[in-house]
Structures are given as C-alpha cells and as structure tokens.
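# Report on the structure
Below are the chains, spelled out letter by letter.
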Amino acid sequence: MATITEEALRGEWFYLEEEQLLDRTAMNFYALYAGEVRIGDAAEVVGAYSIDGDQVVITLHRTIPFMTTITLSSGQSVFDPATDVLPSSTIYTLPDGGDPLRMYGSFVRRIADFPSADDVRGRVR
C-alpha cells in the first residue's frame, strides 16, 4: 500500500457514507490542510487529522453532537494528488457511552472544474 503524504492529501474532499450519491456541486466538503479540517472555505476548524503511513485518522469534534473518527486508507500502489478516492471507516462515539456506531464509505477528491461560489465571484470581479 502507498504511503500517504501531506502534500498529496491536502485539498478538498467529499465524504460519502455507505451508498450515498456524489454531488460534485455540493458545498459540504472537507478541506484538509496542515493537520486541520474545515468545512468548505469556513474559517472555523472542525477537526484534526494525522497521517500514519498508509492511513489518515480524522477526528471531528464540531460538526455533530458526538465524536466522529474517520480512518482513511490507501489500498493503492500509488498515492498522489491525482488519487481521487480513499476508502473510509467511521466510528461515531455516542455521548451516552453506548456501543459506537460503525459506518463505511469513501472520501472523494473535489475536482477543480466544479468551482465553489467564491471561485466564481473572484473571476467575475
């Protein structure tokens, strides 16, 4: 499996859980940069991530009322900025201390030819 690097991971990613369909125009993507997670271009940090070889562990603490840990893995022989999908497993830790909820899905890279509203505003000024 390929080693995941900060440079290749950096960017914008959609999180799709289970059989959720991809909407490339949606604005609810995660921006990953320098160990911090934001939603879209919002200034507020909603989580953190760490890279450990061929895995990334994302911990979200501000998006939903319970702790969310998403583990991404690179099952490919190469991981670079062109890699567009990472398989994920997610654990939702419930506030009542009950059994955690486990889900599976993927992170899909947000491609630049689907600009954000800010990108469009910047071009028409």
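Our structure is the block above this text.
Source: prediction; values computed, not measured. (Residues numbered from 1 in each chain as written. Predicted model: local features only at pLDDT ≥ 70, side-chain atom pairs only at ≥ 80, totals over all residues. Heavy atoms only, no water.)

### Here's the deal with the environment of Ala-31
As a reminder, the rule being used: Working definition: helices are DSSP H or I runs of at least four residues, strands are E runs of at least two. Numbering for both runs from the N terminus. Two residues qualify as a contact provided that any one of their heavy atoms is within 4.5 Å of a heavy atom in the partner residue.
Relative to the helices and strands, Ala-31 is located in strand S2 (residues 30-33). In contact with Ala-31, other than residues within four places in its own chain, are Gly-11, Glu-12, Glu-36, Val-37, Arg-38 and Gly-40.

### Notes on the pairing of strand S6 (residues 67-73)
The line we're drawing: Burial status follows relative accessibility: with a 1.4 Å probe on protein chains alone, a residue under 20% of its type maximum counts as buried, one over 50% as exposed, and anything between as partly exposed. Pairing between strands is defined by DSSP: at least two bridges between them are needed.
By the alternation rule, side chains of S6 split into Thr-68, Ile-70 and Leu-72, which are all buried, and Met-67, Thr-69, Thr-71 and Ser-73, of which none is buried. Judged from the 6 bridges that link them, strand S5 (residues 55-60) and S6 form a sheet pairing that is antiparallel. Bridging across to S6, Leu-60 finds its partner in Thr-68. Examined bridge by bridge, S6 and strand S7 (residues 85-93) share 6 bridges and lie antiparallel to one another. Paired with Leu-72 across the strands is Ser-88, a residue of S7.

### Topic: the packing of aromatic side chains
The criterion, for reference: The criterion for an aromatic pair is that two Phe, Tyr or Trp rings (for Trp, the six-membered ring) have centres within 6.5 Å, with stacked assigned to planes under 30 degrees apart, edge-to-face to planes over 60 apart and tilted to the rest.
Overall, the coordinates contain 4 aromatic pairs when judged by the stated rule. Between the aromatic rings of Phe-14 and Phe-29, the centroid separation amounts to 6.1 Å while the plane-to-plane angle is 80°, which identifies the pairing as edge-to-face. Here Phe-14 is found in strand S1 (residues 11-17), whereas its partner Phe-29 is found in the loop between S1 and S2, with 15 residues between them in sequence. Assigned by exposure class, Phe-14 and Phe-29 land together as buried. Judged by centre distance (6.0 Å) and plane angle (10°), the ring pair of Tyr-30 and Phe-107 falls under stacked. One end of the pair, Tyr-30, is in strand S2; the other, Phe-107, is in strand S8 (residues 101-109), with 77 residues separating them in the sequence. Neither Tyr-30 nor Phe-107 differs from the other in exposure class; each is buried.

Taken by themselves, the reported measurements are silent on function.
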